[in-house]
Amino acid sequence: HFSVADNKLVGSIPSFFGKLTILSHLFLDDNELIGIIPMELGDMNYLSIFSAENNDLIGSIPSELARLEMLDTVLLS
(Lines give C-alpha, C1' and ligand atoms only; values in the text may rest on other atoms or scores of the structure.)
Protein backbone atom coordinates (compact mmCIF):
# COMPACT_ATOMS: atom_id res chain seq x y z
CA HIS A 1 0.00 0.00 0.00
CA PHE A 2 1.13 3.54 -0.73
CA SER A 3 -0.79 6.56 0.46
CA VAL A 4 0.06 10.21 0.13
CA ALA A 5 -3.53 11.29 0.64
CA ASP A 6 -4.10 14.76 2.08
CA ASN A 7 -0.45 15.80 1.88
CA LYS A 8 -0.83 19.03 -0.10
CA LEU A 9 1.10 17.57 -3.03
CA VAL A 10 1.24 19.86 -6.07
CA GLY A 11 1.97 18.95 -9.68
CA SER A 12 1.34 15.95 -11.87
CA ILE A 13 1.20 12.27 -10.98
CA PRO A 14 4.76 10.99 -11.53
CA SER A 15 5.05 8.45 -14.32
CA PHE A 16 7.66 6.55 -12.28
CA PHE A 17 4.81 5.16 -10.15
CA GLY A 18 4.45 2.68 -13.01
CA LYS A 19 7.73 1.13 -11.90
CA LEU A 20 6.13 0.14 -8.58
CA THR A 21 4.90 -3.05 -10.22
CA ILE A 22 4.08 -4.99 -7.05
CA LEU A 23 2.09 -2.19 -5.40
CA SER A 24 -1.55 -3.15 -4.81
CA HIS A 25 -3.11 0.09 -3.49
CA LEU A 26 -2.30 3.65 -4.55
CA PHE A 27 -4.04 6.51 -2.74
CA LEU A 28 -3.44 10.06 -4.01
CA ASP A 29 -6.65 11.65 -2.70
CA ASP A 30 -7.11 15.21 -1.45
CA ASN A 31 -4.02 16.84 -2.93
CA GLU A 32 -3.52 19.47 -5.61
CA LEU A 33 -2.50 17.13 -8.40
CA ILE A 34 -3.07 18.37 -11.96
CA GLY A 35 -2.81 17.00 -15.48
CA ILE A 36 -3.45 13.54 -16.81
CA ILE A 37 -3.18 10.07 -15.31
CA PRO A 38 0.10 8.67 -16.71
CA MET A 39 -0.24 5.68 -19.00
CA GLU A 40 2.72 4.12 -17.16
CA LEU A 41 0.36 3.23 -14.31
CA GLY A 42 -0.72 0.45 -16.66
CA ASP A 43 2.54 -1.32 -15.75
CA MET A 44 1.44 -1.77 -12.13
CA ASN A 45 0.45 -5.43 -12.54
CA TYR A 46 -0.81 -5.95 -8.99
CA LEU A 47 -2.71 -2.68 -8.60
CA SER A 48 -6.20 -3.38 -7.29
CA ILE A 49 -7.19 0.07 -5.95
CA PHE A 50 -6.33 3.41 -7.52
CA SER A 51 -7.80 6.45 -5.80
CA ALA A 52 -7.11 10.04 -6.81
CA GLU A 53 -10.26 11.81 -5.66
CA ASN A 54 -10.38 15.55 -4.96
CA ASN A 55 -7.58 16.64 -7.30
CA ASP A 56 -7.61 18.63 -10.55
CA LEU A 57 -6.91 15.83 -13.00
CA ILE A 58 -8.01 16.17 -16.62
CA GLY A 59 -8.38 13.89 -19.60
CA SER A 60 -9.46 10.30 -19.95
CA ILE A 61 -8.48 7.25 -17.96
CA PRO A 62 -5.60 5.68 -19.91
CA SER A 63 -6.55 2.55 -21.82
CA GLU A 64 -3.44 0.90 -20.35
CA LEU A 65 -5.27 0.65 -17.02
CA ALA A 66 -7.83 -1.64 -18.66
CA ARG A 67 -5.09 -4.27 -19.02
CA LEU A 68 -4.68 -4.55 -15.26
CA GLU A 69 -6.42 -7.77 -14.33
CA MET A 70 -6.24 -7.08 -10.57
CA LEU A 71 -7.65 -3.53 -10.79
CA ASP A 72 -11.19 -3.53 -9.43
CA THR A 73 -11.56 -0.07 -7.88
CA VAL A 74 -10.84 3.32 -9.47
CA LEU A 75 -11.98 6.38 -7.56
CA LEU A 76 -11.81 9.73 -9.36
CA SER A 77 -13.98 12.76 -8.73
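Summarised in this report is the structure supplied together with it. Bear in mind the structure is a predicted one, so any value in this text is a computation, not a measurement.

**As for the overall build of the protein chain**
Line of reasoning, step 1. Counting its secondary structure elements, the protein chain contains zero helices and seven strands.
Line of reasoning, step 2. In sequence order, the protein chain lays out its α and β elements as β-β-β-β-β-β-β.
Line of reasoning, step 3. Here the C-alpha radius of gyration of the protein chain, 11 Å, is about what a compact globule of 77 residues would show, namely 11 Å.
Line of reasoning, step 4. Its C-alpha atoms give the protein chain principal-axis dimensions of roughly 30 × 25 × 20 Å.
Line of reasoning, step 5. Considering only contacts within the protein chain whose residues lie at least 6 apart along the sequence, 45% involve residues at least 24 apart.
Line of reasoning, step 6. Surface summary for the protein chain: the accessible area is close to 4600 Å², and the carbon and sulfur share equals 56%.

**Digging into a nonpolar patch on the surface**
Line of reasoning, step 1. On the surface, Ile22, Tyr46 and Met70 cluster together to form a nonpolar patch covering roughly 360 Å² of accessible area.
Line of reasoning, step 2. Note on placement: Ile22 falls in the loop between strand 2 (10-11) and strand 3 (25-27).

**Some remarks on the nonpolar core**
Line of reasoning, step 1. Grouped together as the largest cluster of nonpolar side chains are 16 residues, with contacts concentrated most on Leu26, Leu28, Leu41, Leu47 and Phe50.
Line of reasoning, step 2. Phe50 has contacts with Ile13, Leu26, Leu28, Ile37, Leu41, Leu71, Thr73, Val74, Leu75 and Leu76, leaving out every residue within four places of it along the chain.

**Description of the packing of aromatic side chains**
Line of reasoning, step 1. Under the counting rule described, the total for this entry stands at two aromatic pairs.
Line of reasoning, step 2. Arranged with centres 5.7 Å apart and planes meeting at 65 degrees, the rings of Phe2 and Phe17 form a pair that is edge-to-face. With a gap of 15 residues between them, Phe2 in strand 1 (residues 2-3) and Phe17 in the loop between strand 2 and strand 3 connect regions that are remote in the sequence.
Line of reasoning, step 3. Taking relative accessible area as the criterion, Phe2 reaches 31% and is therefore assigned partly exposed.
Line of reasoning, step 4. The exposure class assigned to Phe17 is buried, which follows from its relative accessible area of 8%.
Line of reasoning, step 5. When the ring of Phe16 is compared with that of Phe17, the centres are 5.2 Å apart and the planes differ by 70 degrees; the resulting orientation is edge-to-face.
Line of reasoning, step 6. Here the aromatic residues Phe2, Phe16 and Phe17 are joined through ring pairs into a cluster of three or more.

**With respect to the side chain of Asn55**
Line of reasoning, step 1. Locating Asn55 in the fold gives a position in the loop between strand 5 (49-51) and strand 6 (56-57).
Line of reasoning, step 2. Accessibility expressed as a relative area gives 12% for Asn55, which makes it buried.
Line of reasoning, step 3. Polar side-chain contacts of Asn55 include one of 3.0 Å to the backbone nitrogen of Leu33.
Line of reasoning, step 4. Only 3.2 Å separates the side chain of Asn55 from the backbone oxygen of Glu53, close enough to count as a polar contact.

Parameters and conventions
Residues numbered from 1 in each chain as written. Predicted model: local features only at pLDDT ≥ 70, side-chain atom pairs only at ≥ 80, totals over all residues. Heavy atoms only, no water. Helix = DSSP H or I, 4+ residues; strand = E, 2+ residues; numbered from the N terminus. Rg over C-alpha atoms; globule rule 2.2 N^0.38 Å. Contact = heavy atoms within 4.5 Å. Areas by Shrake-Rupley, 256 points an atom, 1.4 Å probe, with all protein chains shown as cover. Patch = residues over 30% accessible without salt bridge, like charges linked within 9 Å, V, L, I, M, F, W, Y side chains within 5 Å. Salt bridge = Lys/Arg side-chain N within 4 Å of Asp/Glu carboxyl O. Core = buried A, V, L, I, M, F, W, Y, C linked by side-chain atoms within 4.5 Å. Buried < 20%, exposed > 50% of the residue type's maximum accessible area, 1.4 Å probe, protein only. Phe/Tyr/Trp six-rings, centres within 6.5 Å; stacked < 30°, edge-to-face > 60°. Polar contact = N/O pair within 3.5 Å; in protein donor to acceptor, adjacent residues only side chain to side chain.

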